[in-house]
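A closer look at the structure
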Amino acid sequence: MTDVLISGGGVAGCALAWWLRHRGFRPTVVERAAAPRDGGYKVDVRGAALTVLDRMGLTGSVRAHDTGMRLARFLDRRGRQLATMDAALFGGRTGGDVEIMRGDLTRILRAATGDVEHRFDDSVTALRPTADGMDVTFARGAHRRFDLVIGADGLHSTVRRLAFGPESAYLRPLGHHIAICTVPSGFGEERVELLHPAPGRTVGVYRTAGAPDARALFLFRSPAEAPDQGDAAGQRALLGRAFAGSGWRVPELLAALPDAPDLYLDAMSQVRMERWSSGRVGLVGDAAYAASPASGQGTSLGLVGAYVLAAALAEAGGQPAAGFAAYEQRMRPFVAANQALAERNLKGMVLGSATQIRFQTSMLRLLPRLPGRERMVSRVAEPIRRASDAITLPDPPARAA
Ligand SMILES: Cc1cc2nc3c(=O)[nH]c(=O)nc-3n(C[C@H](O)[C@H](O)[C@H](O)COP(=O)(O)OP(=O)(O)OC[C@H]3O[C@@H](n4cnc5c(N)ncnc54)[C@H](O)[C@@H]3O)c2cc1C
């Protein structure tokens, strides 16, 4: 049996483990986090990725954890309502699209992998090709041999660094930063996205159905490099500078940051690579083709990528060169279509001037009364819908069909 090491137990890693197991491989997942991580932030599953979930028999469990968001409320600096918008329209969701917390989706996927070995609190530190496999060294566990190694370890992938070189060659910054953290429930309103847009920076707070706390989201233009992931003081200082003088409850949110258990801040970037494989090492999900949170499609890319990679490797009888080549050929146009959404979406998420904000909120207020409203709404959602369906999935294996 072909032994496959998957580095990273997020959405792409767990989905890949599921599909490889159903295609007759023996996957092992190594995850750097000490334990499964709950919560995180809201993510969307759309188009072809819904078909993948369906073929895994997981649609019901995923829908049962839908965030249930109903409204987006735009607020001015004094907290007065400027406009409202249906939450699905705000998130670019149509038809059967699902919004779920990343932690819930990962937990559902991981639980479905059955007897697959998931090793937490460990990480790959070295990869060495041998005549017929890969020798893998771990930070904690014993050194082991695998037939294939797949990096599903996200935007700052370790496997990518080890097999392809420093990330600076592949990360393409989009000129904005994103920060997200848990804040007390009192900042939010259940099932509502509260949004305070200002020139060059937007703050949002949301509380999903039944959640005990709220999430704050900070988006801002900045050419600066993000502080290191572990540098919480540097991250708070950068946010303080970027949101100095803000209105609404932003000063209170900033004051709450030192108590936030999970502050995440990073430069919004995409991953662009000419190849997603090298020898017996391949990449999937954000590690290979992060589209950035602005695309809203990273989760769907991870699910579809996992499905297509497992199918391609199975069809190639586990032969890496043929399997990886077929995977790339099928995924490239889908990735390009979805990465292209990010810059366009960002322009609507962080507006450049007070005039643009006034125009956007006036349009939102007028929208319900405008003739041709349906057509205008579908024009907004159409590019996302088209991109999320821009792939023909290979057939599932007989057992999983
Ligand atoms: C703030 C934010 C908001 C987002 N919003 C959306 C959205 O609205 N819609 C959407 O579709 N997508 C969104 N995304 C993107 C989405 O989360 C990712 O595109 C998606 O989760 C890709 O999954 P992945 O499994 O490839 O990577 P990740 O989710 O990053 O998972 C990588 C996993 O690998 C682990 N790992 C990292 N390094 C190592 C290592 N060295 N060894 C072992 N394990 C390691 C990590 O702990 C993690 O579990 C957002 C992302 C962020 C950061």
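Residues numbered from 1 in each chain as written. Predicted model: local features only at pLDDT ≥ 70, side-chain atom pairs only at ≥ 80, totals over all residues. Heavy atoms only, no water.

1. Considerations on the UniProt feature "domain: FAD-binding" (unreviewed entry) in the protein chain
- Under the UniProt annotation, the feature "domain: FAD-binding" (unreviewed entry) is placed at residues 2–161 and 268–337.
- The span residues 2–161 shows a helical share of 28% and a strand share of 31%, and its end C-alpha atoms are spaced 24 Å apart.
- Taken end to end, residues 268–337 is 57% helix and 13% strand, and its two terminal C-alpha atoms sit 18 Å from one another. (UniProt positions renumbered as here; feature names shortened; annotations may be inferred. Helix = DSSP H or I, 4+ residues; strand = E, 2+ residues; numbered from the N terminus.)

2. Thoughts on the sheet that holds strand 2 (residues 26–30)
- Strand order in the open sheet formed by six strands is 7-2-1-11-18-17, and the pairing between neighbours is mixed. Sheet topology places strand 7 (117–119) and strand 17 (277–278) at the edges, where each strand pairs with a single neighbour.
- Relative to strand 7, strand 2 runs parallel, the two sharing three bridges. If you follow Val29 over to strand 7, its bridge partner there is His118.
- Strand contacts of helix 1 (residues 11–22): strand 1 (3–7), strand 2, strand 7 and strand 11 (148–151), with the helix running at about 165 degrees to strand 1, the strand carrying the most contacts. (Pairing = 2+ DSSP bridges. Contact = heavy atoms within 4.5 Å. Axes fitted to C-alpha atoms, helices over the stretch in contact; angles between N-to-C directions.)

3. Considering the packing of aromatic side chains
- All told, the structure shown has seven aromatic pairs when counted by the stated rule.
- A ring pair is formed by Phe74 and Phe90, whose centres lie 6.2 Å apart and whose planes are at 80 degrees; its orientation type is edge-to-face. Linking Phe74 in strand 4 (residues 71–75) with Phe90 in helix 4 (residues 87–90), this pair joins segments that are 16 residues apart in sequence.
- The class for Phe90 is partly exposed, based on a relative accessible area of 31%.
- Aromatic side chains Trp276 and Tyr327 sit 5.7 Å apart centroid to centroid with 55 degrees between the ring planes, which places their arrangement in the tilted category. Residue Trp276 is located in the loop between strand 16 (264–271) and strand 17, and its partner Tyr327 is located in helix 11 (residues 320–339); the two are separated by 51 residues in the primary sequence.
- On the basis of relative accessibility, which here comes to 1%, the residue Tyr327 falls in the buried class.
- By way of ring pairs, the aromatic residues Trp18, Trp19 and Tyr307 are connected into one cluster.
- Cation over ring: Arg119 sits above Phe138, and NZ or CZ is 4.5 Å from the ring centre.
- Across the ring face of Trp276, the terminal group of Arg332 is positioned such that the distance to the ring centre comes to 4.0 Å. (Phe/Tyr/Trp six-rings, centres within 6.5 Å; stacked < 30°, edge-to-face > 60°. Buried < 20%, exposed > 50% of the residue type's maximum accessible area, 1.4 Å probe, protein only. Lys NZ or Arg CZ within 6 Å of the ring centre and 35° of its normal.)

4. Side note on the site of the ligand
- Around the ligand, the surrounding shell holds 30 residues, and the nearest of these are Glu31, Tyr41, Arg102, Thr158 and Asp286.
- Contact between the ligand and Tyr41: an oxygen atom at 2.9 Å from a side-chain N or O atom of the residue.
- When the free accessible area of the ligand is taken as 990 Å², the share hidden by the protein chains comes to 91%.
- Broken down by secondary-structure element, the contributors of at least two residues to the shell around the ligand are helix 1, strand 3 (42–45), strand 12 (171–184) and helix 10 (298–315).
- With three residues, strand 3 is the single largest residue contributor to the shell around the ligand.
- Looking at the shell around the ligand residue by residue, the class counts come to ten nonpolar, eleven polar and nine charged. (Near = heavy atom within 4 Å. Polar contact = N/O pair within 3.5 Å; in protein donor to acceptor, adjacent residues only side chain to side chain. Areas by Shrake-Rupley, 256 points an atom, 1.4 Å probe, with all protein chains shown as cover. Nonpolar A, V, L, I, M, F, W, Y, C, P; charged D, E, K, R; others polar.)

5. Notes on helix 13 (residues 354–366)
- The first and last C-alpha atoms of helix 13 sit 18 Å apart over 13 residues, in line with the 18 Å expected at 1.5 Å per residue.
- Turning to helix 13, its buried residues number three or more, namely Ile357, Thr361 and Leu364. The buried residues of helix 13 occupy an angular sector of 55 degrees when the element is viewed end-on, so they sit on one face. Seen from the buried face of helix 13, the exposed residues on the opposite side, beyond 90 degrees, are Thr355, Arg358 and Phe359. (Expected span 1.5 Å × (residues − 1). Arc of directions from axis to C-beta.)

6. Focus: the environment of Gly282
- Looking at where Gly282 falls in the secondary structure, it is placed in strand 18 (residues 281–283).
- The exposure class assigned to Gly282 is buried, which follows from its relative accessible area of 0%.
- The sequence separation of Gly282 and Phe324 amounts to 42 residues, and the corresponding C-alpha distance is 7.1 Å.
- If we ignore the near neighbours within four places in the chain, the residues touching Gly282 are Val149, Ile150, Gly151, Trp276, Ser277 and Phe324.

7. Some words on the packing of helix 1 against helix 5 (residues 102–112)
- Taken N-terminus to C-terminus, the directions of helix 1 and helix 5 make an angle of 20 degrees; their axes are 9 Å apart at the nearest point. Here helix 1 is positioned roughly parallel relative to helix 5, judged by the angle of their axes. In the crossing of helix 1 with helix 5, the sense of the turn from one axis to the other is left-handed. Here Val11, Cys14, Ala15 and Trp18 of helix 1 lie close against helix 5, whose contacting residues are Leu105, Thr106, Leu109, Arg110 and Ala112.
- Across the contact of helix 1 with helix 5, the residue classes tally to seven nonpolar, one polar and one charged. (Parallel < 35°, antiparallel > 145°, perpendicular 65-115°, else oblique. Left-handed = near helix turned anticlockwise from the far one by under 90°.)

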